[in-house]
Amino acid sequence: MSETIKIRKGLNINLKGKAEKIFVKADKAELFAVKPTDFYGLVPKLTVKLDDTVKAGSELFYDKYKPQIKFTAPVSGKIQLINRGERRRILEVVISPDEEIEYESFKQADPATISRNEVIQNLLDSGLWPTLRQRPYNIIANPEDTPKAIFISAFDTAPLAPDYDFVVKGKEQEFQYGVNALIKLSGGKVHLNVNSEYPPSNVFSQAQGVQINKFKGPHPVGNVGTQIHYIDPVNKGEVVWTISPQDVILIGRLFLKGKYDASRIVALTGSEVLKPKYYKTIGGSCIRSITKENVKEGELRFISGNVLTGTKVYQNGFLGFYDSQITVIPEGNFHEFMGWLSPGFKKYSFYRSFFSWMNPEKEYTINTNLHGGKRALMITGSFERVFPMDIYPMQLLKAIIIEDIDLMEKLGIYEVAEEDFALCEFIDTSKTDIQSIVRKGLDLMIKEMG
Amino acid sequence: MKGIRNLLNKVKPNFEKGGKLEKFRSLFDAVETLLYVPDKVTRTGSHIRDAIDMKRTMIIVVTAMVPALLFGMWNAGYHHFLATGEFAEKTFIQIFTFGLLKVLPIIIVSYVTGLAIEIIFAQIRNHDVPEGFFVTGMLIPLIMPIDVPLWMVSVSTVFAVIIGVEVFGGAGMNVLNPALTARAFLFFAYPSEMSGTRVWVSGLKSGQGIIDGFSGETVMGYAASNRIDQMPFSPSDMFLGTIPGSIGETSTLAILVGAIILIWTGVGSWRIIVSMFTGGLVMGLILNLFAVNDYMALPACQHLIIGGFAFGAVFMATDPVSAAQTNKGKLIYGFLAGLLAILIRVLNPAYPEGVMLAILLMNVFAPLIDHYIIEANIKKRLKRVQTSNA
């Protein structure tokens, strides 16, 4: 165990609706979907059509530019619907599931005993390859690269985030198999980053072949991007890969059982959930199977993921590919009389300009209102207080806005992803959509650098 | 409250694109958002946002200026009645009311002129009315002499908003602090109204009813003419602010209350405030070392409580748009502004006060300071590549 890396900058947003540590088996969803929109920059090519029958692990579509990357069905069943958006962009491939799930079979072996190429092939075939993402750019890893390291963040500090130590309970063997696969893939170390605030679960502390790093501090200390920055930052021309603990387990299960079993645990959280707790479900489930009868009345925002970086879904939308959390918060589409003048005892703010600073322990209900109009980026010095990397966030953002590739590179664009700027976006006085600016910058870099 | 909302909803379509009052869209929008926080919700990125917005930020700054403003009103009355010899027979309310009636028109003129221009530009540029003028509109009166003609307030505000802000692309894009731009404009265009011995006390210029021998000179006036020993003010007068000067600048105590509000809420940069005071102190000490006259020998800490130094450090230098933007840059920027302010004040006989010029000068240099700070960060990153490749 190495020394604890302490981070001071950041912000823990104390929201109402933390999941109680109880596992509940969710009802089986009536529909499942795989959403190409979960994967940045992906141009999907369908290999199935309406009414085709598929098994769990059957290919649904592939990446037009890297055809070896396949996306597969989480359950067996019939293709019920292919939802398209503007310009016929595929949004969702919807599957109506069978009673009993039938599985495609894949190679079953301890990854430690087979070659790197066999590991890659098995991941590509089963559709689990997309669980691996790369920095720079935060896109699906390129199977032709060898990363200088692979990072797993074993804890999440985002608001109401699931406790991975609880989620992975009892999955020692699956996790170890997954780690063995990662060891094969990595050109260097496999870093497993844990929170030093409490002793990590056995699943993490007894994992073999990984370097365990301890971290301490406020959010975004649990963001893998922050951890990479402190352990082994990404320089120009270098690549690291990242993966979440639940996805490591999926990979482990693939090698252990020889099938794509997309079972995962999802925390249902948020102020509008009646009884927030953990659900055992299957990847790609319609979230209604989890939220039904457990949410309050009123206009609600359903989010697959957390409130800072998650994706807005409809109440009968689907769980995102990478998500281990569903959050339900109230919509804020109403006018507030003189809201900017009120003392604000109940208004959450990073700044002490509302009197809520008198009550730091309170759990807040925050709705989706922007709380103000969009303005020029005027206020300086606040982003730096929640951005723990040695990067100038405001200057990098401005470089992105003016599309200065050279400057973006110099200011550290390779190290960041949208999620690293989520807190900046949250506290921003000018209400700028910072994460989409960062995404635009990353996309521009991909286009320019090839 | 529902009634107002219903009314707004009812008339709103007239102001939208294609409506018959489309020309007044910005005005309507300004009024509507003043009354109600918009109902807009998050579309992309973070689903929740901080309760703060630009209006809240600006109103905090205005709140921080209120102690200085209230004291300034009282002080205006106090000095006027000292000059007329009636101080002893006036009540606190009478003194304050006199000042209030003097200051209020200046504030109204400043806001009306500035907001009118902002709204017109917002309409032309098709964006929302920025809140920056909330603060600028209050800053301008606070740095005016009490007897400034109202038309001058208006002209200088026009100058500041158009030349200081709008030509650069609007709020957030300006290089210079707009309020200081207004004051600098008046200072160079109408020096007789903005400096000298007779403009700081109300009624002194007209001379009616003034008792013989009353001098309205500021501390700077005494000091610049080497008569510090004849000055009727003690350091505690200077700290409390019972001295002649621009409306809001005299009371260091009231300004410090504002500084605490700014720093506590996180709206103002403590780095700039602290480093500017430090810079002023250091230059004061340097001048003490080489003192050849009384002004240079003035105790360094007294420099911080006279003239516009404290006001400039707390409310002017901290403007986030025209100041340095990086944290390290802010320290350097503030320090140099403090240094220069005292240097100009003491050594340049043409300018009785150096704070305004020092801050404007540092406004111009702020991007350069930031440039070097950021270059250092870039170099560090490049070095990391070399070591990892070696």
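## Things to note about the overall build of chain A
Reasoning step 1: Counting secondary structure elements, chain A contains 12 helices and 21 strands.
Reasoning step 2: The C-alpha atoms of chain A give a radius of gyration of 21 Å, which matches the 22 Å a tight globule of 450 residues would have.
Reasoning step 3: With respect to the three principal axes, the spread of C-alpha positions in chain A is 60 × 50 × 45 Å.
Reasoning step 4: A burial count over chain A gives 62% of its 450 residues as buried.

## A word on the environment of Gln94 of chain B
All names here are of chain B.
Reasoning step 1: Positionally, Gln94 belongs in helix α4 (residues 92-125).
Reasoning step 2: Along the sequence, Gln94 and Val31 sit 63 residues apart, while their C-alpha atoms lie 35 Å from each other.
Reasoning step 3: Excluding residues that lie within four positions of it along the chain, Gln94 makes contacts with Phe81 and Glu89.

## What to know about the interface of chain A and chain B
Reasoning step 1: Each partner contributes residues to the interface: chain A has 75 residues there, and chain B has 60 residues.
Reasoning step 2: Of all residues in chain A, His335, Trp340 and Met378 of chain A bury the most surface against chain B, accounting for 15% of the area lost on that side.
Reasoning step 3: There are seven salt bridges connecting chain A and chain B.
Reasoning step 4: Counting the contacts that link chain A with chain B gives 35 residue pairs in polar contact (both at pLDDT 80 or more).
Reasoning step 5: At the level of secondary structure, the elements contributing two or more residues to the side of chain A that touches chain B comprise β18 (300-304), β19 (311-313), β21 (336-337), α8 (383-386), α9 (393-401), α11 (422-427) and α12 (434-449) of chain A.
Reasoning step 6: No other element matches the four residues that α11 of chain A contributes to the side of chain A that touches chain B.

## Some points on the domain arrangement of chain B
All names here are of chain B.
Reasoning step 1: In terms of domains, chain B is made up of domain 1 (2-35) and domain 2 (54-376).
Reasoning step 2: Inter-centroid distance (C-alpha atoms) of domain 1 to domain 2 is 37 Å.
Reasoning step 3: Of the residues lining the interface, 10 residues belong to domain 1; the matching set on domain 2 comes to nine residues.
Reasoning step 4: A buried area of about 710 Å², summed over both sides, lies between domain 1 and domain 2, and 47% of it is on carbon and sulfur atoms.
Reasoning step 5: Interface area lost by domain 1 to domain 2 is led by Arg25, Ser26 and Leu34, which between them contribute 52%.
Reasoning step 6: Our count for the domain 1 to domain 2 interface comes out at zero salt bridges.
Reasoning step 7: In this structure, the connection of domain 1 to domain 2 is made through one residue pair in polar contact (both at pLDDT 80 or more).

## Some points on the pairing of strand β17 (residues 277-282) of chain A
Residues and elements named next belong to chain A.
Reasoning step 1: When you tally the buried positions in β17, you get five out of six residues, the bulk of the element.
Reasoning step 2: Where strand β2 (residues 20-25) lies against β17, four bridges are found, and the strand directions are parallel. Along β17, the bridge assignment pairs Glu20 with Lys277.

## Here's the deal with the environment of Glu20 of chain A
All names here are of chain A.
Reasoning step 1: Counting through the fold element by element, Glu20 comes out in strand β2.
Reasoning step 2: Taking the C-alpha atoms as reference points, Glu20 and Pro159, separated by 139 residues in sequence, lie 14 Å from one another.
Reasoning step 3: Residues in contact with Glu20, not counting those within four places in the same chain, are Pro276, Lys277 and Tyr278.

## Quick word on a nonpolar patch on the surface
All names here are of chain B.
Reasoning step 1: On the surface, a nonpolar cluster with roughly 910 Å² of combined accessible area is contributed by Ile163, Val167, Phe168, Met173, Val175, Leu361, Val364, Phe365, Leu368 and Tyr372.
Reasoning step 2: The element best represented in the nonpolar patch is helix α17 (residues 355-389), accounting for five residues.
Reasoning step 3: Mapped onto the elements of the fold, Leu368 is located in helix α17.

## Quick notes on the packing of aromatic side chains
Residue and element names in this part refer to chain B.
Reasoning step 1: One pass over the full model with this rule turns up 32 aromatic pairs over all chains.
Reasoning step 2: Arranged with centres 6.1 Å apart and planes meeting at 85°, the rings of Tyr111 and Phe133 form a pair that is edge-to-face. Pair noted here: Tyr111 is in helix α4 and Phe133 is in helix α5 (residues 132-142), with a separation of 22 residues, a long-range link.
Reasoning step 3: Here Phe159 and Phe185 contribute two aromatic rings whose centre-to-centre distance is 4.3 Å and whose plane-to-plane angle is 15°, an arrangement assigned as stacked.

## Points about the domain arrangement of chain A
Residues and elements named next belong to chain A.
Reasoning step 1: By domain assignment, chain A separates into domain 1 (5-11 + 128-257), domain 2 (264-358) and domain 3 (383-449).
Reasoning step 2: With centres defined by C-alpha atoms, the gap from domain 1 to domain 3 works out at 23 Å.
Reasoning step 3: Carbon and sulfur atoms supply 59% of the area that domain 1 and domain 3 bury against each other, a total of about 1900 Å² over both sides.
Reasoning step 4: Counting across the interface, domain 1 meets domain 3 through three salt bridges.
Reasoning step 5: Residue Lys236 is joined to Glu409 by a salt bridge in which the shortest nitrogen-to-oxygen separation is 3.1 Å.
Reasoning step 6: Between domain 1 and domain 3 we count 10 residue pairs in polar contact (both at pLDDT 80 or more) in total.

## A few points about the packing of helix α3 (residues 172-185) of chain A against helix α6 (residues 245-257) of chain A
Residues and elements named next belong to chain A.
Reasoning step 1: Packing of α3 against α6 brings their axes to within 7 Å, and their N-to-C directions diverge by 90°. In terms of their interaxial angle, α3 and α6 are classed as roughly perpendicular. Contacts from Gln173, Glu174, Phe175, Tyr177, Gly178, Val179, Ala181 and Leu182 in α3 reach Pro245, Val248, Ile249, Ile251, Gly252, Arg253, Phe255 and Leu256 in α6.
Reasoning step 2: Of the residues in the contact of α3 with α6, the class split is 11 nonpolar, three polar and two charged.

## Some thoughts on α12 of chain A
Residue and element names in this part refer to chain A.
Reasoning step 1: The end-to-end C-alpha distance of α12 is 22 Å, a good match for the 22 Å that 16 residues give at a rise of 1.5 Å each.
Reasoning step 2: When we look at burial in α12, the residues that qualify are Ile434, Gln435, Ile437, Val438, Arg439, Gly441, Leu442, Leu444 and Met445.
Reasoning step 3: The inward-facing, buried residues of α12 contact β11 (139-140), α8, α9, α10 (405-410) and α11.

## Observations regarding the pattern of salt bridges
All names here are of chain A.
Reasoning step 1: A complete count under the given rule lists 34 salt bridges over all chains for this structure.
Reasoning step 2: Between Arg253 and Glu174 there is a salt bridge; the shortest N-O distance is 2.9 Å. Of this pair, Arg253 sits in helix α6 while Glu174 is found in helix α3, placing the two residues 79 residues apart along the sequence. Glu174 carries the same exposure label as Arg253, and that label is buried.
Reasoning step 3: Between Glu336 and Lys347 there is a salt bridge, and its shortest N-O distance comes to 3.1 Å. Taken together, the residues Glu336 in strand β21 and Lys347 in the loop between β21 and α8 connect sequence positions 11 residues apart.
Reasoning step 4: For Glu336, a relative accessible area of 25% corresponds to the partly exposed category.

## Some words on the sheet that holds strand β9 (residues 90-97) of chain A
All names here are of chain A.
Reasoning step 1: Strand order in the open sheet made by the four strands is β3-β9-β8-β5, with antiparallel pairing throughout. Strands with a single pairing partner mark the edges of an open sheet, and in this sheet they are β3 (32-34) and β5 (53-54).
Reasoning step 2: Of the pairings in the sheet, the one linking β5 to strand β8 (residues 77-84) comprises two bridges and is antiparallel in character. Note that in β8 the partner of Val54 across the bridge is Gly77.

## Quick look at the pairing of β8 of chain A
Residue and element names in this part refer to chain A.
Reasoning step 1: Here β8 pairs with β9 via seven bridges, running antiparallel. Within β9, the residue paired with Asn83 across the bridge is Glu92.
Reasoning step 2: Where β8 folds back on β9, the antiparallel hairpin that results is connected by five residues, among which Arg87 adopts a positive phi of roughly 50°.

## Let's talk about the nonpolar core
Reasoning step 1: Grouped together as the largest cluster of nonpolar side chains are 161 residues, with contacts concentrated most on Ile13 of chain A together with Tyr333 of chain B.
Reasoning step 2: Per element, the largest residue contribution to this core is 15 residues, and it comes from helix α3 (residues 54-84) of chain B.
Reasoning step 3: Apart from the residues lying within four places of it in its own chain, the contact partners of Tyr333 of chain B are Ile272, Ala317, Ser322, Ala323, Ala324, Ile359, Met362, Asn363, Ala366 and Ile369 of chain B.
Reasoning step 4: If you look at the next biggest cluster of nonpolar residues, it comprises 73 residues, including Phe71, Ala109, Leu132 and Leu192 of chain A.

## Examining the side chain of Asn327 of chain B
Reasoning step 1: Structurally, Asn327 of chain B is set in helix α16 (residues 327-347).
Reasoning step 2: Classification of Asn327 of chain B as buried rests on a relative accessible area of 16%.
Reasoning step 3: If near-sequence neighbours (up to four positions away) are discounted, Asn327 of chain B is found in contact with Gly381 and Glu384 of chain A together with Arg271 of chain B.

## Remarks on the side chain of Thr57 of chain B
Reasoning step 1: For Thr57 of chain B, the location among the structural elements is in helix α3.
Reasoning step 2: Residue classification places Thr57 of chain B among the buried positions, given a relative accessible area of 5%.
Reasoning step 3: A polar atom in the side chain of Thr57 of chain B sits 2.8 Å from the backbone oxygen of Asp53 of chain B.
Reasoning step 4: Dropping the residues within four chain positions of it, Thr57 of chain B is found in contact with Ile379 and Thr429 of chain A together with Ile52 and Val267 of chain B.

Basis of the calculations
Residues numbered from 1 in each chain as written. Chains lettered and ligands numbered in written order. Predicted model: local features only at pLDDT ≥ 70, side-chain atom pairs only at ≥ 80, totals over all residues. Heavy atoms only, no water. Helix = DSSP H or I, 4+ residues; strand = E, 2+ residues; numbered from the N terminus. Rg over C-alpha atoms; globule rule 2.2 N^0.38 Å. Buried < 20%, exposed > 50% of the residue type's maximum accessible area, 1.4 Å probe, protein only. Contact = heavy atoms within 4.5 Å. Buried area = accessible area lost by both parts, 1.4 Å probe. Salt bridge = Lys/Arg side-chain N within 4 Å of Asp/Glu carboxyl O. Polar contact = N/O pair within 3.5 Å; in protein donor to acceptor, adjacent residues only side chain to side chain. Domains from an automatic or database assignment. Pairing = 2+ DSSP bridges. Patch = residues over 30% accessible without salt bridge, like charges linked within 9 Å, V, L, I, M, F, W, Y side chains within 5 Å. Areas by Shrake-Rupley, 256 points an atom, 1.4 Å probe, with all protein chains shown as cover. Phe/Tyr/Trp six-rings, centres within 6.5 Å; stacked < 30°, edge-to-face > 60°. Axes fitted to C-alpha atoms, helices over the stretch in contact; angles between N-to-C directions. Parallel < 35°, antiparallel > 145°, perpendicular 65-115°, else oblique. Nonpolar A, V, L, I, M, F, W, Y, C, P; charged D, E, K, R; others polar. Expected span 1.5 Å × (residues − 1). Core = buried A, V, L, I, M, F, W, Y, C linked by side-chain atoms within 4.5 Å.

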